[in-house]
Amino acid sequence: MIIILKSDVDRESPDIQQVLDLAGRYPGVSSRVHVVEGSSRSLIEIYLIGSTAEVPLEPFQELEAVERVVRISEKYRIIGRHKGQVESGGFQYQGVTFDQHTLHVAPGLCAVDTPEHVDQMFAALAAVGIQTSRMGAYKPRTSPYDFQGLGKECLPYVFESAGRHGIKVIAMEITHESQIEEINAALDAAGSPTGVMVQIGTRNAQNFELLKFVGRQQRFPVLFKRGMGITLEESLNACEYVASEGNSRIILCLRGMKTNLGDPHRNFVDFTHVPVVKRLTRMPVCVDPSHSVGSRALAPDGLSDIQHATAQGVIAGANMVLVDFHPEPSKALCDGPQALTLDELGPYLEDIAIVREAYEKRREAARKNTESARSAGA
Ligand code: PEP
Ligand code: MN
């Protein structure tokens, strides 16, 4: 059951305690307070978990601060899009809004290798006004003999350089909970010049203990990458694991599915699922064209397969693009063959802007058509 409070009720309000006290009277019911921060307004929702079947709606509906009470039976209790809820979830982090309406591009290194490459990358982003990036310090690799990432040793210069170039959010994968402590410590030592969005990689999509761990911490939002060989439903349940522990600041990232049917691409591009995830949940949706396509191959029309895959995500309403760039791909220690060069950043962003404009026009046309169909039917 979800109790949605009126939009003027803030986090410190005694009204929240009143709802919690009322919920506390029902045996076997526990409550969790969630703040939903959209681009236009933020709302407080209180989730009643446990044996809620016998809990009546009326006593909650009668409270002054309550806007609506929604009984939910669906499986994605927290991340799901339930009838009567605000239209989109989302959150703000480091002053940046992530929701189902916004679009952020996060280009960066698959794996950090040298301080110079990190600095060149961030400088290139700053030059085009981008504040979101990706940097891998902990790399889960198929072979134990491959480069495993520089780990905590690179964090001080990554964070310092990010702060100097005005990068506000860095997507960074963790493969073990101890790495969050290392990130915490390095950020604190550097004076928190930037923020981190903790990435759960496709290989850990059903590592339930790791999911619960990132759900229990509140400092970092989570970028969850869809499991490469499991159903969408299983991936959404994995996000629910994170949310059910208290952290609902989650972005789901589509990154292609492992199947040889996708050849010659590294993974079979699944970006037609962008609208599906938006319909089933209120999470913002990210696409990762680099790990989907896996190469810099160029189509005869002069656009790369990575650009085409990106466009497929953006035209479908994606809210974030996670993409590998490298100042010198031939020297990259991980995934060099799929990294775009810094010279390609401008054209890449120009292409995204064209597609995003087309998506916005499509959305507007759909809105108008629905409206006129409704007034014709009225
Ligand atoms: C990555 O983004 O660096 C990565 C390893 O991606 P994935 O988990 O999707 O393979
Ligand atoms: Mn990679």
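Residues numbered from 1 in each chain as written. Chains lettered and ligands numbered in written order. Predicted model: local features only at pLDDT ≥ 70, side-chain atom pairs only at ≥ 80, totals over all residues. Heavy atoms only, no water.

Participant: With reference to specific residues and values, describe the side chain of S290.
Facilitator: Position of S290 relative to the elements: it lies in helix α9 (residues 289–293). Discounting chain neighbours no more than four positions away, the residues touching S290 are I306, L322, V323, D324 and Q338. (Helix = DSSP H or I, 4+ residues; strand = E, 2+ residues; numbered from the N terminus. Contact = heavy atoms within 4.5 Å.)

Participant: Requested: an account of unusual backbone geometry, with residues and values cited.
Facilitator: P264 follows D263 through a cis peptide bond whose omega is 10 degrees. The phi dihedral of Q94 is positive, around 55 degrees, even though this residue is not glycine. Looking at the secondary structure, you find Q94 in the loop between β5 (91–93) and β6 (96–98).

Participant: Residue-level account of the pairing of strand β3 (residues 42–50), with values.
Facilitator: Relative to β3, strand β1 (residues 2–5) is paired through three bridges, and the arrangement is antiparallel. Looking at β3, one finds that I3 is bridged to I46. Sheet topology note: the strand β2 (residues 29–37)/β3 ladder contains nine bridges and is antiparallel. Note that in β3 the partner of V33 across the bridge is I46. (Pairing = 2+ DSSP bridges.)

Participant: Which residues make up the sheet that holds strand β13 (residues 285–287), and what values do they have?
Facilitator: With respect to topology, eight strands assemble into a closed barrel ordered β7-β8-β9-β10-β11-β12-β13-β14, the strand pairing being parallel. Averaged over all pairs of adjacent strands, the angle between their axes in this sheet comes to 25 degrees, without regard to strand direction. As defined by bridge partners, strand β12 (residues 250–254) adjoins β13 across three bridges and the pair is classed as parallel. Its bridge partner lying in β13, L252 is registered against V285. (Axes fitted to C-alpha atoms, helices over the stretch in contact; angles between N-to-C directions.)

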